[in-house]
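Coordinates in review
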Amino acid sequence: MEQVLHAGFGIAVTGLTVMQVIAGMVRPGPDSDKRLVFNRMHRFLGVVTYILAAITMFIGSRTSYMTDRMLATGTGLLAGLVVVQVFYAVFMEISACRCKGKRNERNVI
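Residues numbered from 1 in each chain as written. Predicted model: local features only at pLDDT ≥ 70, side-chain atom pairs only at ≥ 80, totals over all residues. Heavy atoms only, no water.

Our next topic: helix H1 (residues 2-25). The terminal C-alpha atoms of H1 lie 35 Å apart, and with 24 residues this matches the ideal 34 Å at 1.5 Å per residue to within 8%. Residues of H1 that are buried: Val13, Leu16 and Gln20. Elements that come into contact with the buried residues of H1 comprise helix H2 (35-60). (Helix = DSSP H or I, 4+ residues; strand = E, 2+ residues; numbered from the N terminus. Expected span 1.5 Å × (residues − 1). Buried < 20%, exposed > 50% of the residue type's maximum accessible area, 1.4 Å probe, protein only. Contact = heavy atoms within 4.5 Å.)

This is the structure in structure tokens:
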């Protein structure tokens, strides 16, 4: 059962990732009225894709051909990776909010 779930979720993650890339290629210009809606949808799909990818990795780490040591080590490593990435994302969001409106040479892209 885990293998079927892992495969299905993996296909969904791949599809969402491809959609994100295509959406990035056709995004509206910075002055477009549609830009705000695009940014919110792009962000939402990115977060959903990331969460689904994390779930897929945890399902994959529980497949039947894993040894006990692989199960323990893999799950711990995945959990650590997810925790680090969540902290990083929160840190970057806080930094972005603090820098909002403070444009200078360092944060202008």
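Here the narrative resumes.
Together, Val18, Val21, Ile22, Met25 and Val26 make up a nonpolar patch on the protein surface, roughly 510 Å² of accessible area in all. Tracing the sequence through the fold places valine 18 in helix H1. Under the relative-accessibility criterion, valine 18 is labelled partly exposed at 45%. (Patch = residues over 30% accessible without salt bridge, like charges linked within 9 Å, V, L, I, M, F, W, Y side chains within 5 Å. Areas by Shrake-Rupley, 256 points an atom, 1.4 Å probe, with all protein chains shown as cover. Salt bridge = Lys/Arg side-chain N within 4 Å of Asp/Glu carboxyl O.)

Moving on to the side chain of threonine 49. Counting through the fold element by element, threonine 49 comes out in helix H2. A polar contact of 2.6 Å, which involves the side chain of threonine 49, links it to the backbone oxygen of leucine 45. Once you skip the residues sitting within four places of it in the chain, threonine 49 turns out to touch Val13, Leu16 and Thr17. (Polar contact = N/O pair within 3.5 Å; in protein donor to acceptor, adjacent residues only side chain to side chain.)

Moving on to the pattern of salt bridges. Applying the stated criterion to the full structure yields one salt bridge. The salt bridge involving arginine 43 is made with glutamate 93; its shortest N-O contact spans 2.3 Å. Of this pair, arginine 43 sits in helix H2 while glutamate 93 is found in helix H3 (residues 68-99), placing the two residues 50 residues apart along the sequence.

Among the structural elements, arginine 98 can be located in helix H3. Judged by relative accessible area, which is 63%, arginine 98 ranks as exposed. Sequence separation of arginine 98 and leucine 78 is 20 residues, and the distance between their C-alpha atoms is 30 Å.

What follows covers the side chain of arginine 35. Among the structural elements, arginine 35 can be located in helix H2. One buried charged residue, arginine 35, remains without a salt bridge, the closest side chain of opposite sign being aspartate 31 at 8.3 Å. (Lys, Arg positive; Asp, Glu negative; His and termini not counted.)

Two numbers describe how H1 lies on H2: the axes approach to 9 Å, and their chain directions differ by 155 degrees. Between H1 and H2, the crossing angle belongs to the class labelled roughly antiparallel. Of the two elements, H1 crosses H2, and the hand of that crossing is left-handed. Residues belonging to the contact of H1 with H2 are distributed by class as follows: 14 nonpolar, 10 polar and one charged. (Axes fitted to C-alpha atoms, helices over the stretch in contact; angles between N-to-C directions. Parallel < 35°, antiparallel > 145°, perpendicular 65-115°, else oblique. Left-handed = near helix turned anticlockwise from the far one by under 90°. Nonpolar A, V, L, I, M, F, W, Y, C, P; charged D, E, K, R; others polar.)

What follows deals with H2. The first and last C-alpha atoms of H2 sit 37 Å apart over 26 residues, in line with the 38 Å expected at 1.5 Å per residue. Within H2, the full set of buried residues consists of Arg35, Phe38, Thr49, Leu52, Ala54, Thr56, Ile59 and Gly60. Looking at the buried positions of H2, the neighbouring elements they touch are H1 and H3.

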